[in-house]
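Secondary and tertiary structure notes
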Amino acid sequence: MPLSAPSASRTYALSDFDFVLPETLIAQHPASERSGSRLLDGAAPTPIDRIFRDLPGLLKAGDLMVFNDTKVINARIFGEKATGGKLELLIERVLTGNQVAAHMRVSKKPEIGATVALVGAPGTMENLRATLLGRWPDAEGPLFRFVLSNDAGDDPYTLMERHGHVPLPPYITHADSLEDATRYQTVFAKNPGAVAAPTAALHFDDALLARIDAMGVHRAHVTLHVGAGTFQPVKTENLAEHQMHSEWFDVPASTQQAIADCRARGGRVIAVGTTSVRTLESWAQTGQTTGDTNIFITPGFDFKVVDALITNFHLPKSSLMMLVSAFAGYEHIMDLYRHAIADKYRFFSYGDAMLLSRQTAEQSD
């Protein structure tokens, strides 16, 4: 289905967010330099092609940029059942007592209580294993609860760091490499827990951040541990029927104060990535500063915090396509995507970025 803009004042359905993307535009590797990727400036009515390192010229002293400081964990671990059947775990959350909640890919699920051998890093002999306890978060939950263990009694974070693999998105076709270990992580990653990178922030390197600081642009951080559900397409034509996945977030007191200070001086709050948007708007909507959010942002959403957004290009029929359409206006987003496809921008996690301004009430459909 081609990109098309429906008439104003209509109810949006899943098919409105579908488009045809040539497979050649799906970036399989990052740009040679983080800030050397392309930036589609969509903050004005007419798109402008730029390079990401041009971003400081689009900022103003007094603006506040909010980054997601989550750290991607080596969440993919391979194993083998006692029968010899292969198994793959994608660890979504670390729980208490060396327990984890994980997606499991296997031809036949092991019995509850069964222990499977996990593949350790080359040259290690640690008797790495996982014992299945049941489903999570409840008996009907979509994930599985395991206890991870080895002979040394290491915690799950240590085990993943040593033996796990970078959880590259499903549309990246190569096995993880040393390049991915570095580049599928932001330069300021701090709090481990994500199974997907906050990809808009991958374009920032230390030199670009220093230029932004020198301009008098302020920086603050939130944490949202991005889950694998971020790659799942919405499947219900009626958007109201979609069940959004939950992710853990935190808005520190220092960031709350930075936003209040930004408002007082008349600056813009610029979210770096849709994860920062979801975190800030969850906080604004509920007053909750930490916990789980399953906020689902679609056209008609009333944004309370974010004035501008830096984001990558998203998958067709994804909740993130709906979020950016709600933020900048459906017709404007579809125009930008048409331009990006025609001009061969690179898409998805390792792809290029765009800058968006929040639509005003007068601009909204």
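Now for a description of the structure that goes with this document. Just so it is clear, the model here is predicted, and its values are computed rather than measured. (Residues numbered from 1 in each chain as written. Predicted model: local features only at pLDDT ≥ 70, side-chain atom pairs only at ≥ 80, totals over all residues. Heavy atoms only, no water.)

1. Here we look at the packing of helix 6 (residues 319–328) against helix 7 (residues 330–342)
The N-to-C vectors of helix 6 and helix 7 enclose an angle of 120°; their axes lie 7 Å apart at closest approach. If you check the angle between helix 6 and helix 7, you find them oblique. Two secondary-structure elements touch here, helix 6 through Met321, Val324, Ser325 and Ala328 and helix 7 through Tyr330, His332, Ile333, Met334 and Tyr337. Counted by class, the contact of helix 6 with helix 7 contains 7 nonpolar, 2 polar and no charged residues. (Axes fitted to C-alpha atoms, helices over the stretch in contact; angles between N-to-C directions. Helix = DSSP H or I, 4+ residues; strand = E, 2+ residues; numbered from the N terminus. Parallel < 35°, antiparallel > 145°, perpendicular 65-115°, else oblique. Contact = heavy atoms within 4.5 Å. Nonpolar A, V, L, I, M, F, W, Y, C, P; charged D, E, K, R; others polar.)

2. Here we look at empty space enclosed by the protein
Throughout the structure, instances matching the rule amount to 2 cavities of 30 Å³ or more. When its volume is computed, the largest cavity comes out at roughly 300 Å³. Along the walls of the largest cavity sit 26 residues, with Thr199, Thr230, Thr274, His314 and Leu320 positioned nearest its centre. Residue assignment for the lining of the largest cavity shows that the elements contributing at least two residues are helix 5 (274–286), strand 16 (308–312) and helix 6. When residues of the lining of the largest cavity are assigned to their parent elements, the largest contribution, 3 residues, is made by helix 5. Classifying every residue of the lining of the largest cavity by side-chain character gives 12 nonpolar, 12 polar and 2 charged. Roughly 70 Å³ of internal volume is contained in the second largest cavity. Looking at the second largest cavity, the residues that line it are Pro30, Ala31, Arg34, Ser37, Arg183, Leu202, His203, Ser349, Tyr350 and Gly351. For the lining of the second largest cavity, the residue count by class is 4 nonpolar, 4 polar and 2 charged. (1 Å grid on protein atoms, 1.4 Å probe; cavity = no way out; pocket = protein on both sides within 12 Å on 5 of 7 lines; lining within 4 Å. Points joined across faces, edges and corners; volume = space filled by probe spheres on them.)

3. Describing the sheet that holds strand 9 (residues 129–136)
Pairing is antiparallel in the closed barrel, where 6 strands are placed in the order 5-6-7-10-9-8. Here the strands of the sheet are splayed against their neighbours by 45° on average, with no regard to which way each runs. Across 7 bridges, the pairing between strand 6 (residues 86–94) and strand 7 (residues 99–106) is antiparallel. For Leu87, the partnering residue across the bridge sits in strand 7 and is Val106. On the sheet, helix 1 (residues 156–163) packs against strand 5 (76–80), strand 6, strand 7 and strand 10 (143–149) and is oriented at approximately 130° with respect to strand 6. (Pairing = 2+ DSSP bridges.)

4. Side note on the side chain of Asn74
Topologically, Asn74 is positioned in the loop between strand 4 (70–72) and strand 5. Polar contacts involving the side chain of Asn74 include one to the main-chain carbonyl oxygen of Glu161, which spans 3.5 Å. In contact with Asn74, other than residues within four places in its own chain, are Met160, Glu161, Gly164, His165, Val166 and Pro167. (Polar contact = N/O pair within 3.5 Å; in protein donor to acceptor, adjacent residues only side chain to side chain.)

5. Examining the nonpolar core
If you look at soluble globular proteins, the nonpolar side chains tend to sit buried side by side. Judged by nonpolar contacts, the single largest core of 66 residues is most densely connected at Tyr184, Leu280, Ile333, Phe347 and Leu356. The set of elements that each furnish at least two residues to this core consists of strand 3 (64–68), strand 12 (218–224), helix 4 (253–265), strand 14 (269–272), helix 5, helix 6, helix 7 and strand 17 (353–357). With near-sequence residues (within four places) excluded, Leu356 lies in contact with Gly42, Ala308, Leu309, Thr311, Val324, Phe327, Ala328, Ile333 and Leu336. Counting 23 residues, the second largest nonpolar core, distinct from the first, contains Ala75, Ile77, Val100 and Val106. (Core = buried A, V, L, I, M, F, W, Y, C linked by side-chain atoms within 4.5 Å. Buried < 20%, exposed > 50% of the residue type's maximum accessible area, 1.4 Å probe, protein only.)

6. Quick notes on the pairing of strand 2 (residues 48–51)
With 4 bridges connecting them, strand 1 (residues 38–41) and strand 2 associate as antiparallel partners. In the sheet register, Leu40 faces strand 2, and the bridge partner there is Asp49. Hairpin connection between strand 1 and strand 2: a loop of 6 residues separates the two successive antiparallel strands.

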